[in-house]
Amino acid sequence: MSRVFQVQAGSPASRSRRPGPSPPSERSPRSERSDDSANRGRIVAGYLSPHPPHLVYAENPPQNEPRSRGGWDVMRWGYEELRRRMSTRARPDVLIVHAPHWITMVGHHVNCVPNPRGISVEPIFPHLFRYHYDFRTDVELAEAIVHEADDLGLVTSAMREPDVRVDYATIGALHLVNPAWDIPVVSLSANNNPYFYSDASLDEMEILGEATRRAVERTGRRAVLLASNSLSHLHWDVEPDLPEDMSREHPYNQHQYEWDMRLLQAVREGPTSRLRALIGEHIEQTESETKAGSLTWLLSAMGWPEVAGDVLAYGTIIGTGNAVVEWMPRG
């Protein structure tokens, strides 16, 4: 079903869906860029970085209006370790995030607004997440991803609406990974067909991953990728009076927990190629949020590396399974 959103590479139909710069074939600076590997950028790390608003709420950052008494500490410790590693081993030029709650009806959108500012509100938990954001976009890289994806046959659009409201999954992951907001960002939408078609393929996300890698290399960036997905995604429909009451926090059911452990064991053992089939099976068993394709996009962009992932934390939030995982390419 995902293939209904593909067109012939570089076709007028694809280009007509997005305003802005001319296609790559008409842009001489890009076509003249050197392919010398010494000048290429690279992906320095990839992180599974789930976005439950409860984690930002528990941190009590000044940008978020609600105040909490803490909670979900192990997950937040995992993010602390992620931040420590990123600052010492993989300090990037840019963070590229794919999030499941910027849902687009047709194709893949890339935020090309130079300085998004506003308030992001979680629609189910507005009492936990009303976050004032103000960050910089790496517009050159964002536009490069649009062009590379177009070249590979994906319907792709550049988001240029200055008053766009950024979704909470994008903001949540970016805050938890970099609360200083001192690294430029590129954010990608989630094409929504996986939410409507249970047999939707993740093949298109592999193509988007390849486009992302090509754009990173061509623009010379050191990039960190963020897949803003939870794992098992069945959750409670009644909240305790105190949202951060940890006595009420546990997996939705044993089946969900066991499948999360099955996936994470494969992550810890490596290589990532084992996950190609297992991600789809995990989605069928747990309604995993990875059906939005963020994790597949990340691993594809990294070339399905022959390495194990490092699970920094696992925990449940309103019954859903969440893991912070690092993949570092060799060399």
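Residues numbered from 1 in each chain as written. Predicted model: local features only at pLDDT ≥ 70, side-chain atom pairs only at ≥ 80, totals over all residues. Heavy atoms only, no water.

A.B. asks: Explanation requested: the side chain of Ser300 in the structure shown.
C.D. replies: Locating Ser300 in the fold gives a position in helix 11 (residues 294–301). Classification of Ser300 as buried rests on a relative accessible area of 7%. Setting aside its immediate chain neighbours within four residues, Ser300 contacts Met205, Glu206, Gly209 and Glu210. (Helix = DSSP H or I, 4+ residues; strand = E, 2+ residues; numbered from the N terminus. Buried < 20%, exposed > 50% of the residue type's maximum accessible area, 1.4 Å probe, protein only. Contact = heavy atoms within 4.5 Å.)

A.B. asks: Looking at this structure, I do not really get the nonpolar core. What am I missing?
C.D. replies: The tendency in soluble globular proteins is for nonpolar side chains to be buried side by side. Counting residues in each nonpolar core, the largest one holds 46 residues, and the members touching the most others are Ile96, Val186, Leu275 and Trp327. Per element, the largest residue contribution to this core is six residues, and it comes from helix 5 (residues 139–151). Of all hydrophobic cores here, the second largest spans 38 residues; its members include Val44, Leu82, Tyr168 and Val185. (Core = buried A, V, L, I, M, F, W, Y, C linked by side-chain atoms within 4.5 Å.)

A.B. asks: Explain helix 10 (residues 275–286) to me, please; I cannot follow it from the model alone.
C.D. replies: Owing to its 3.6 residues per turn, the α-helix aligns residues three or four sequence positions apart on the same side. For helix 10, with 12 residues, the first-to-last C-alpha span of 15 Å sits near the 16 Å given by 1.5 Å per residue. Among the residues making up helix 10, those that are buried are Leu275, Leu278, Ile279, His282, Ile283 and Thr286. The buried residues of helix 10 occupy an angular sector of 145 degrees when projected down its axis, which confines them to one face. Exposed and facing more than 90 degrees away from the buried side of helix 10 are Ala277 and Glu284. Of the residues flanking the end of helix 10, it is Glu287, one or two places downstream, whose phi is positive at about 55 degrees. (Expected span 1.5 Å × (residues − 1). Arc of directions from axis to C-beta.)

A.B. asks: I'm lost on the pattern of salt bridges in this one. Help?
C.D. replies: Pairs may arise between side chains of opposite charge once their charged atoms sit close together. Under the criterion given, the structure shown has 20 salt bridges. Ionic pairing is found between Glu217 and Arg40, a salt bridge with its closest N-O pair at 3.5 Å. Of the two residues, Glu217 sits in helix 8 (residues 203–219) while Arg40 sits in the loop between helix 2 (28–31) and strand 1 (42–48), which places them 177 residues apart along the sequence. Taking the relative accessible area as the measure of exposure, Arg40 reaches 38% and is therefore partly exposed. Arg89 is the partner of Glu326 in a salt bridge, and the nearest nitrogen-oxygen pair spans 2.9 Å. Of this pair, Glu326 sits in strand 10 (residues 320–327) while Arg89 sits in helix 4 (residues 73–89); the two residues are 237 residues apart in sequence, bridging distant segments of the chain. Judged by relative accessible area, which is 44%, Arg89 ranks as partly exposed. Because the salt bridges share partners, they merge into one network encompassing Glu81, Arg84, Arg85, Arg89, Asp310 and Glu326. (Salt bridge = Lys/Arg side-chain N within 4 Å of Asp/Glu carboxyl O.)

A.B. asks: Looking at this structure, I do not really get helix 11. What am I missing?
C.D. replies: Here helix 11 lies mainly inside the structure; eight of its eight residues are buried. Immediately beyond the C-terminal end of helix 11, within one or two residues, lies Gly303, with a positive phi of roughly 75 degrees.

A.B. asks: Would you mind showing me how to read the pairing of strand 5 (residues 130–134) here?
C.D. replies: Strand residues, when the strand is regular, have side chains that alternate between the two faces of the sheet. Side-chain alternation along strand 5 places Tyr131 and Tyr133 on a buried face and Arg130, His132 and Asp134 on a face that remains uncovered. Note: strand 4 (residues 117–121) against strand 5, five bridges, orientation antiparallel. Residue Gly118 lies in a different strand from strand 5, and its bridge partner there is Tyr133. (Pairing = 2+ DSSP bridges.)

A.B. asks: Quick question: what am I supposed to make of the side chain of Thr272 here?
C.D. replies: Here Thr272 shows up in the loop between helix 9 (254–269) and helix 10. By relative accessible area, which is 2% here, Thr272 ends up buried. Engagement of the side chain of Thr272 in a polar contact is seen with the backbone oxygen of Trp304, the distance being 3.3 Å. Residues within four places of Thr272 in sequence aside, it is in contact with Leu299, Trp304, Pro305, Val307 and Trp327. (Polar contact = N/O pair within 3.5 Å; in protein donor to acceptor, adjacent residues only side chain to side chain.)

A.B. asks: I would appreciate a short explanation of the pairing of strand 7 (residues 185–191) in the present structure.
C.D. replies: For strand 7, the tally of buried residues reaches seven of seven residues, placing the bulk of the element in the interior. Looking at chain direction, strand 2 (residues 94–104) and strand 7 are connected through six bridges and run parallel. Across the sheet, residue Thr104 finds its bridge partner in strand 7, namely Asn191.

A.B. asks: Please explain the environment of Leu278 as it appears in this structure.
C.D. replies: Residue position: Leu278 is located in helix 10. It is 7.0 Å that separates the C-alpha atoms of Leu278 and Leu263, two residues lying 15 residues apart in sequence.

A.B. asks: Can you help me understand unusual backbone geometry in this one?
C.D. replies: Note on backbone geometry: most residues besides glycine have negative phi, and most peptide bonds are trans. The peptide bond linking Gly270 to Pro271 adopts the cis configuration, its omega dihedral lying at -10 degrees. Relative to the assigned elements, Pro271 resides in the loop between helix 9 and helix 10. Notably, Trp304 is not glycine yet its phi reads approximately 45 degrees, a positive angle. Looking at the secondary structure, you find Trp304 in the loop between helix 11 and strand 9 (310–317). You can call Trp304 buried: its relative accessible area is 7%.

A.B. asks: How should I be thinking about the environment of His147 in this particular structure?
C.D. replies: By secondary structure assignment, the location of His147 is in helix 5. Residue class for His147 comes out buried when judged on its relative accessible area of 2%. Spatially, the C-alpha atoms of His147 and Thr212 are 9.9 Å apart, while their sequence positions differ by 65 residues.

A.B. asks: Explanation requested: the packing of aromatic side chains in the structure shown.
C.D. replies: Pairs of aromatic rings are described using the distance from one ring centre to the other and the angle between the two planes. Within the structure shown, the criterion is met by seven aromatic pairs. Aromatic side chains Phe135 and Trp181 sit 5.5 Å apart centroid to centroid with 25 degrees between the ring planes, which places their arrangement in the stacked category. Pair noted here: Phe135 is in the loop between strand 5 and helix 5 and Trp181 is in the loop between helix 6 (168–177) and strand 7, with a separation of 46 residues, a long-range link. A residue is classified by how much of its surface remains accessible, and Phe135, at 2% relative accessible area, is buried. Put simply, the rings of Phe129, Tyr131, Tyr133, Phe135, Tyr168 and Trp181 pair up and form one aromatic cluster. (Phe/Tyr/Trp six-rings, centres within 6.5 Å; stacked < 30°, edge-to-face > 60°.)

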